[in-house]
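Coordinate inspection notes
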Amino acid sequence: SDDVNVRKPHECNICSKRFTRTTTLKEHKKTHLDENDPDQAKLKRPHKCNTSGKSFTCHSYLQKHTRLHAAENDPNRKETCYVCGKDC
């Protein structure tokens, strides 16, 4: 038990789970937030898309999502026909 406290000194005050880094603990605490509460939802998913309004927990997820919008608006983008399988 003491060995765990040394290796993982940062403890969640809600569930007692322990972490090696404060940043990991901070991210973990977001799992306890209530997404039905608008104020808590903003904390849990702070990265919001300006195009669709969808929110994400990580900035990198928002960046990936934003690339989808860019692809949708590309005039050279080709669609694959679901009937014949050809690019149109």
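Residues numbered from 1 in each chain as written. Predicted model: local features only at pLDDT ≥ 70, side-chain atom pairs only at ≥ 80, totals over all residues. Heavy atoms only, no water.

Okay, the UniProt feature "domain: C2H2-type" (unreviewed entry) in the chain next. Residues annotated by UniProt as "domain: C2H2-type" (unreviewed entry) correspond here to residues 10-37 and 47-74. Secondary structure content for residues 10-37 is 29% helix and 14% strand, and the end C-alpha separation is 27 Å. With 50% helix and 14% strand, residues 47-74 has end C-alpha atoms that lie 24 Å from one another. (UniProt positions renumbered as here; feature names shortened; annotations may be inferred. Helix = DSSP H or I, 4+ residues; strand = E, 2+ residues; numbered from the N terminus.)

Glancing now at unusual backbone geometry. Residue S16 is not a glycine yet carries a positive backbone phi of 70°. In this structure, S16 sits in the loop between β1 (10-11) and β2 (18-19). In this structure S16 comes out as partly exposed when scored by relative accessible area, which is 43%. (Buried < 20%, exposed > 50% of the residue type's maximum accessible area, 1.4 Å probe, protein only.)

What follows is about helix α4 (residues 59-72). With 14 residues, α4 should cover 20 Å at 1.5 Å per step; its first-to-last C-alpha distance of 20 Å lies within 8% of that length. Taken residue by residue, α4 has L62, H65 and H69 as its buried positions. Along the long axis of α4, the arc covered by the buried residues comes to 65°, so they all point the same way. Those residues of α4 that are exposed and angled more than 90 degrees off the buried face are K64, R67 and A70. (Expected span 1.5 Å × (residues − 1). Arc of directions from axis to C-beta.)

In this section: the pattern of salt bridges. One side chain can pair with another of opposite charge once the charged atoms of both are near each other. Summed over all chains, the structure comprises four salt bridges. Ionic pairing is found between E27 and K30, a salt bridge with its closest N-O pair at 3.2 Å. Of the residues examined, E27 reaches a relative accessible area of 39% and is grouped as partly exposed. Classification of K30 as buried rests on a relative accessible area of 18%. A cluster of three or more residues bridged by salt bridges with shared partners is formed by E35, K44 and R45. (Salt bridge = Lys/Arg side-chain N within 4 Å of Asp/Glu carboxyl O.)

So, about the state of the cysteines. Applying the stated criterion to the full structure yields zero disulfides. C15 carries a free sulfur, and the closest cysteine sulfur to it, the one in C12, is 3.8 Å from it. (Disulfide = S-S within 2.5 Å.)

Quick look at the environment of L43 now. Turning to its location among the elements, L43 is positioned in helix α3 (residues 38-44). Residues L43 and K30 lie 13 residues apart in sequence; the distance between their C-alpha atoms is 7.3 Å. Contacts of L43, omitting those with residues within four sequence positions, involve K30 and L33. (Contact = heavy atoms within 4.5 Å.)

Of all residues in the chain, 91% attain a pLDDT of 70 or more, and the chain-wide mean is 85. Put simply, helix α1 (residues 2-7) is where the chain has its lowest mean pLDDT, 79, and β2 is where it has its highest, 96. (pLDDT = per-residue confidence, 0-100.)

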